[in-house]
Amino acid sequence: MLVTIGAIAPGLAAETLNLVFGAQSQQGIQIPVADLRAYAETGTASGNLKLMLSMATPEQQAEFRQLLSLPFPVTAEQLQTLASNNKGEDLLKAVAAATLRPDSEGIAALKTAMMKGLEAEGGLTLLAFLDAYPESTMTIDIMQMQAILEANKPLMEQYLSRQQQPAN
């Protein structure tokens, strides 16, 4: 059950993203989560984050900055429902594979981060997710994650357009 998996590694949080290019490589580009947080808050990038962002267009940089702290409009019940249906399980397995943790512990780590991230002050954001991820380093295969994002592009575009609409 999702609610009970928070005990996996209490007190841990992702401090570093290790971005790799291909599942066979373990060493990648290290980006401290603190740098991501600073970029989200100030728009100023440093270190390897600055290097990575230099390869993106200004529009992509702005979209990435927005995504870091934009709350996902989801409840705990919706996350539990998603994680328990076939499509949600397939998506979790794909994301776990992209984090080079396709095992049950990798899936449990993702679920923990989502559920604990919901409890954050601003709700579930990418930064809250990382703060709740129960390991100090989260490795992401950029190629696999890009394929997942591309496959789910309509869903992401719908989410972004909903976030940009003025509140009534």
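Residues numbered from 1 in each chain as written. Predicted model: local features only at pLDDT ≥ 70, side-chain atom pairs only at ≥ 80, totals over all residues. Heavy atoms only, no water.

Colleague: Outline the overall build of the protein, supporting the account with residue identities and numerical values.
Modeller: Counting secondary structure elements, the protein contains nine helices and three strands. By residue count, 36% of the 168 residues in the protein fall in the buried class. Within the protein, residue pairs in contact and separated by at least 24 positions form 63% of the contacts whose partners lie at least 6 positions apart. Surface exposure of the protein reaches about 9800 Å², of which carbon and sulfur atoms provide 57%. (Helix = DSSP H or I, 4+ residues; strand = E, 2+ residues; numbered from the N terminus. Buried < 20%, exposed > 50% of the residue type's maximum accessible area, 1.4 Å probe, protein only. Contact = heavy atoms within 4.5 Å. Areas by Shrake-Rupley, 256 points an atom, 1.4 Å probe, with all protein chains shown as cover.)

Colleague: I'd like a rundown of the sheet that holds strand β2 (residues 29-32), residues and numbers included.
Modeller: Taken in spatial order, the three strands make up an open sheet running β2-β1-β3, and their pairing is mixed. Across the chains shown, the open sheet's two edge strands, defined by having one partner strand only, are β2 and β3 (137-141). On average, each strand axis in the sheet is tilted by 25° relative to the strand beside it, whichever way the strands run. Here strand β1 (residues 16-20) pairs with β3 via five bridges, running parallel. When the sheet's bridge partners are listed, Leu19 is paired in β3 with Ile140. Along the sheet, helix α1 (residues 33-42) makes contact with β1 and β2, crossing β2 at roughly 60°. On top of the sheet, helix α8 (residues 142-151) reaches β1 and β3; it is set at about 70° to β3, its chief contact. (Pairing = 2+ DSSP bridges. Axes fitted to C-alpha atoms, helices over the stretch in contact; angles between N-to-C directions.)

Colleague: If you had to explain helix α5 (residues 86-98) to someone new, which residues and values would you point to?
Modeller: Compared with the 18 Å implied by 1.5 Å per residue over 13 residues, the 18 Å span of α5 between its first and last C-alpha is a close match. Those residues of α5 lying buried are Gly88, Leu92, Val95, Ala96 and Ala98. Down the axis of α5, the smallest arc covering the buried residues is 155°, so these residues share one side. Opposite the packed face of α5, turned more than 90 degrees from it, sit the exposed residues Asn86 and Lys87. Regarding α5, its N-cap is Asn85, as a side-chain oxygen of that residue lies 3.1 Å from the backbone nitrogen of Lys87 further along. (Expected span 1.5 Å × (residues − 1). Arc of directions from axis to C-beta. Polar contact = N/O pair within 3.5 Å; in protein donor to acceptor, adjacent residues only side chain to side chain.)

Colleague: Break down the packing of aromatic side chains for me, with residues and values.
Modeller: Tallying each qualifying case throughout the model produces two aromatic pairs. Ring centres of Tyr39 and Phe64 lie 6.2 Å apart, and the angle between their planes is 25°; this geometry places the pair in the stacked category. In this pair, Tyr39 is assigned in helix α1 and Phe64 in helix α3 (residues 58-69), connecting sequence segments 25 residues apart. Phe64 gets classed as partly exposed once you look at its relative accessible area, which sits at 29%. (Phe/Tyr/Trp six-rings, centres within 6.5 Å; stacked < 30°, edge-to-face > 60°.)

Colleague: Pulling in residues and values, what's your account of the nonpolar core?
Modeller: Of all hydrophobic cores here, the largest spans 36 residues; its most connected members are Leu17, Leu36, Leu110, Phe129, Leu130, Tyr133 and Met138. Considering each element in turn, this core owes the most residues, seven residues, to helix α6 (residues 104-118). Leaving out residues up to four positions away in the same chain, Phe129 has contacts with Leu110, Ala113, Met114, Leu124 and Met138. (Core = buried A, V, L, I, M, F, W, Y, C linked by side-chain atoms within 4.5 Å.)

Colleague: An account of the packing of α5 against α8 is needed here, citing residue identities and associated values.
Modeller: In the contact formed by α5 and α8, the axes pass within 8 Å of each other and the chain directions differ by 155°. By the angle class used here, α5 and α8 are roughly antiparallel. Note on element contacts: α8 touches α5 through Gln144, Met145 and Ile148, opposite Leu91, Ala94, Val95, Ala97 and Ala98. Residue composition of the contact of α5 with α8, by class: seven nonpolar, one polar and no charged. (Parallel < 35°, antiparallel > 145°, perpendicular 65-115°, else oblique. Nonpolar A, V, L, I, M, F, W, Y, C, P; charged D, E, K, R; others polar.)

Colleague: I'd like a rundown of unusual backbone geometry, residues and numbers included.
Modeller: With phi around 60°, Leu100 is a residue other than glycine that occupies positive phi space. For Leu100, the location among the structural elements is in the loop between α5 and α6.

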